[in-house]
Amino acid sequence: MGCIRRRRRLAGLMAAACAAAGVATSARAADLALDIPTQARQSALMALARQAGVSMGFAPGARCDGRAGVAGRMDLDEALRRLLANSTCVAVRPDARTVVIRPRPLPAAAPAPPPPGTSAERQPTELGELVVTADRTESVLSASPYGLTAMSGAELQRRGVSDVADLSLIAAGVTVTNLGPGRDKVLLRGLSDGPLTGHTQATVGLYLGDLRLTYNAPDPDLPLIDVARVEVLRGPQGSLYGAGSIGGVLQIVPNAPDTTARSGRIAVGLGATAHGAGSSRFEGLWNQPLGDRAAVRIAAWSEVAGGYIDNRGLGLSNIDRSRRRGLRLATSWRPVDDLSLEATLISQAISNRDAQYATPEIGPLARATATQEPHDNDFLALSLAAHWTPAWGRVTFSMGAVDHEVGTTYDAAAAPGALVATGGPGRTFRDRNEIRSLISELRVTSVGVGRWRWTLGAFNALGDQQLGGALTPVTPGPAYTEARRDRLLEGAVFGETSFDLTPVLTVTAGARLLQARLKTRSEVEVGAAQRTFRGRTTADGFAPKLLMAYRPAPGLTIYASTAEGYRTPGLNTSGPPGQAFGEAGGAQPLRRYAGDELWSYETGARWRSARLGLTARLAVFQADWTDIQADLLLPSGLPYTANLGDGRSRGVELEATFQRGPLTLSGNMVRQDPELRHPAPGLLATPEATLPGVADAGYAATAMWTTPIGADLTLDLQASYTFVGHSRLTFDATTSPDMGGYGDVRLAAALSGGPWTARLSVDNALHGRGDTLAFGNPFAFRGQQQTTPQRPRTVSLSLARTF
C-alpha cells in the first residue's frame, strides 16, 4: 500500500508537528471572572459558555434539571464542577474550547428542588449546538475540525429531507446516482468509481448508528424516519472506519428509545406526478417506556412511488412503479447506572416493477423493450450494542448481522451470441447478489477534562457473498450462467489521540493496522463450455491520519489534515468461457485487480456567530488516488472491475446558514476537478478524461420563513433550488455520454397547530427533464442512447399527528 511513499509523507508531517510542539508551552487554563446569577441550570451553563468563550453542546438525554449559579474568579473546569454539582450531568472536554454535557454515568444525588412556587425549567431554546459522533467521539459541530455536515432529525423533517438522495440540499459535494430505489451509490467530493454497481467496495461507508450497512452492494435506501441526526463526514476515514470509506462516511443516527415518556407519530401522504401515476406514503412511530430503565421504540413505513416511464414495445404505461416497506424496532435497557444495552432490528423490502430509464429516440419518458426489467432490494439486519461508562472513559462493544439480497432482471435482446450456446438471441438476464456479514467492534474512548484524549479499538468482519448471473435465451436451450461465492475475513486494530499543545492549538494523530483475506470460487457455463476458477487475495496495510486544529477565537476553528483511505484487492471471473484475463500491468480485464489507495489533503475553517445568526464552513481539498478501482462492462455487457490508473480530485466547498427572526437562508456549493491523470495500459481514455459519474460543480440554496398565524398555528414556507453540473457516465472515448447540467426547484408550505401538521410540497416545480444518469441496460447502452430523466413535477400533500 505504498509504504515508502507513506513513510516520506509522515516523516514530513511529523516533523512539522514536532516543531509546533516545541514552541508550545504548558497550557494552563486561565482564571475567568464570572458572574452567573442562580437560574435554570442549563441557562447557567450557556451563560458560562458565553463568558468563557467556548462552544457547548448537550448530548441526548442530558436534561440537567434544577437551578445553579456561580460567581468569582476560577478556571473553566472549576466553574463546570460547581454548576453541575448535585445534577444528573457531567462535562466532557473534547478540546480546550469545547464542552459537551452528557448524562452522568454513575449514580448521582437527586437534583436540587426548585424554590417554592417555581417549576424545574427544561432545556432552553438557545441550546442550538449539535453534538456529533461521526469522528467516533462526542464533539460539538461548530468546533469540529473536519469536513463534516450534520443536521438534526427535526430540522430534516422541517426541510422535507426524507431520503439520502435529498442530502444535496444541505451538504456540499454529495452525489447520489439515480438508477432507481435500492440501486444507487453515494459519492463524495468527486471520488467516483462510476455509477455501476459490481464487485468493488463502496467508496462511502454507510452506517446506521454503529452498524455498517453495506460493503459492495447498493445503498439499501433506508428512509430518514425518526432519526436524531444525519452526519456526512468527507475525506478518507481509513484510520477509524477501514476499507470502504475512501471518500468518507454517511452516518444515520436513529432516535434512541426514551424511558421518560410514551409518545408516537403517524403521517400519511398522497402525491400526483405529471404524466405519471399517483404515489402514497405512510409512517408510524411508537415509543413505550418499560419501567424507568428500559424502553422500546418502533418505526414503520410503507411507500408507493408512482411510475412515469412508458414501455411502448409492450404497450404499458407508468412501468417504473416502486414499493418500499419496512420497520425498525429498537430496545434499550440500563440494568445499572453505568451500563446500557441496546438491540435494533431493521427489515425493509424494495420492489421496483421496472427500470426507470428512457431512450430519447422513442420519447423523453418512454422506451421500447421486449421484456420488463424489475429490481428487488431486501435488507435485514440485527444490531447489538453495549455501552459502559465508567468514570475514566466510555467502552462500546457492537455487533451486527446483515442479510442483504439484491436482484435485477435486464432485457437481454442485445446480448452477444457468445452468451448463448446456439448463438441465438437472448431474452432476459437475471443478476443476483446475496450478502451475509457478521461485524463486531470494540472501542474505548477517554472522557473528562485534560489536554490528552484518546480512542482505541479493534474490528472484525466475516462476509459470505453469493453472486449469480443467468441468461435466458429466446429459444430454450443452454446459455450463460455463473455461480460465484466470495468469503471475506477482515480484521483491524485502530487508535487515535488528540493533545492540546496550547489552549488554542490541538494536534490529532491516528492509524489503523489491517489485514484482509478473500477467497473466491466461480463456475461459468455456456452449454458444454465451462470455466472453473479458485483464487484468493491477501491485503495487509497501515492507514494513518494527522490533523492540526487552531481555535483563535470563540466560534472559529481553522484546521489542516491529511489521511489515507484504501480498498482491498479482488478477483474478476465474469465473462463467457473464452474470456481472457490479463496479469498485473497487462490488458484489462485483469484476473486480479489491485487494491487502491487514496491520500487526502484538506484545509478549512468553520465559523459560528450566535449574535449574527450565521454559521459557515469552507474547505479546500485535494485527493491523490492510485490504482483506482471501477466497475466497467465487458464487450459482452457483463461487469468486471478495472484498475483505471491514477487520478486526482481537487476542489473547494462552502456551506453557510443565516438565521434572523422568522427567516432562514442556507446554501452550499462545490467546485471540483475529478480527473484521471494517468490511465492504465490498454484503457481507451480520452485526453482529458474525468472520473466517471460526478459533476464538476453543484450548488443548492434554500429560503425558509416561519410565522405565527393567530394564537395556535404556525406557517412554514420554503423554496429551494439545486443545480447539478455536467458529467460523463464513463471515461473512455467510445462510451462517454454526457449527463447532468440541470436544476430542480422545490416549493413547500407547512401549517402546524398543536399535534397536527399539514404539508403541501411541489418537487421539480419547473417540470425539468434533465438527464440524471445516462444508463439503464448494460447490454444495449453501447448501441442506443439511454437517459434517466428527472421525475416530472410532483405535488404531494401529507398530514401528520404526534401524540
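Residues numbered from 1 in each chain as written. Predicted model: local features only at pLDDT ≥ 70, side-chain atom pairs only at ≥ 80, totals over all residues. Heavy atoms only, no water.

A word on the nonpolar core. Of all hydrophobic cores here, the largest spans 31 residues; its most connected members are Phe429, Leu471, Tyr480 and Leu644. Mapped by element, the contributors of at least two residues to this core are strand E27 (505-526), strand E33 (614-626), strand E34 (629-633) and strand E35 (639-643). Here Leu471 is in contact with Ala412, Ala415, Leu419, Val420, Gly426, Thr428, Phe429, Ala479 and Tyr480, once residues within four sequence places are set aside. (Core = buried A, V, L, I, M, F, W, Y, C linked by side-chain atoms within 4.5 Å. Buried < 20%, exposed > 50% of the residue type's maximum accessible area, 1.4 Å probe, protein only. Helix = DSSP H or I, 4+ residues; strand = E, 2+ residues; numbered from the N terminus. Contact = heavy atoms within 4.5 Å.)

Position of Asp226 among the secondary structure elements: in the loop between strand E12 (211-212) and strand E13 (227-234). Here the side chain of Asp226 touches Asn255 through a polar contact of 2.8 Å, side chain to side chain. If sequence neighbours within four positions are ignored, Asp226 has contacts with Pro254, Asn255, Leu285, Arg297, Ala299 and Arg328. (Polar contact = N/O pair within 3.5 Å; in protein donor to acceptor, adjacent residues only side chain to side chain.)

A few words now on the environment of Ala44. Structurally, the position occupied by Ala44 is in helix H2 (residues 41-52). Counting along the chain gives 26 residues from Ala44 to Val70, while the straight-line C-alpha distance between them is 8.3 Å.

Take the sheet that holds E12 next. Read from one edge of the open sheet, 5 strands run E8-E13-E14-E11-E12, paired in mixed fashion. In this open sheet, the two edge strands, each paired with only one partner strand, are strand E8 (148-152) and E12. Pairing of E13 with strand E14 (residues 248-254), which is carried by 7 bridges, proceeds in the antiparallel orientation. Within the sheet, the bridge partner assigned to Val230 lies in E14 and is Ile252. (Pairing = 2+ DSSP bridges.)

This next bit is on the packing of aromatic side chains. All told, the structure shown has 9 aromatic pairs when counted by the stated rule. Arranged with centres 6.2 Å apart and planes meeting at 45°, the rings of Tyr699 and Tyr721 form a pair that is tilted. Of the two residues, Tyr699 is situated in strand E38 (residues 697-709) and Tyr721 in strand E39 (residues 713-728); the sequence distance between them amounts to 22 residues. When its relative accessible area of 40% is taken as the criterion, Tyr699 is described as partly exposed. Ring centres 5.5 Å apart and planes at 75° place the aromatic pair Phe775 and Phe781 in the edge-to-face group. Residue classification places Phe781 among the buried residues on the basis of a relative accessible area of 10%. Through a chain of ring-to-ring contacts, three or more aromatic side chains come together here, namely Phe429, Tyr480 and Phe779. (Phe/Tyr/Trp six-rings, centres within 6.5 Å; stacked < 30°, edge-to-face > 60°.)

On the secondary structure map, Ser720 appears in strand E39. The buried category is assigned to Ser720, whose relative accessible area is 5%. Those residues in contact with Ser720 that lie beyond four places of it in its chain are Leu169, Ala701, Thr702, Asp744, Val745 and Arg746.

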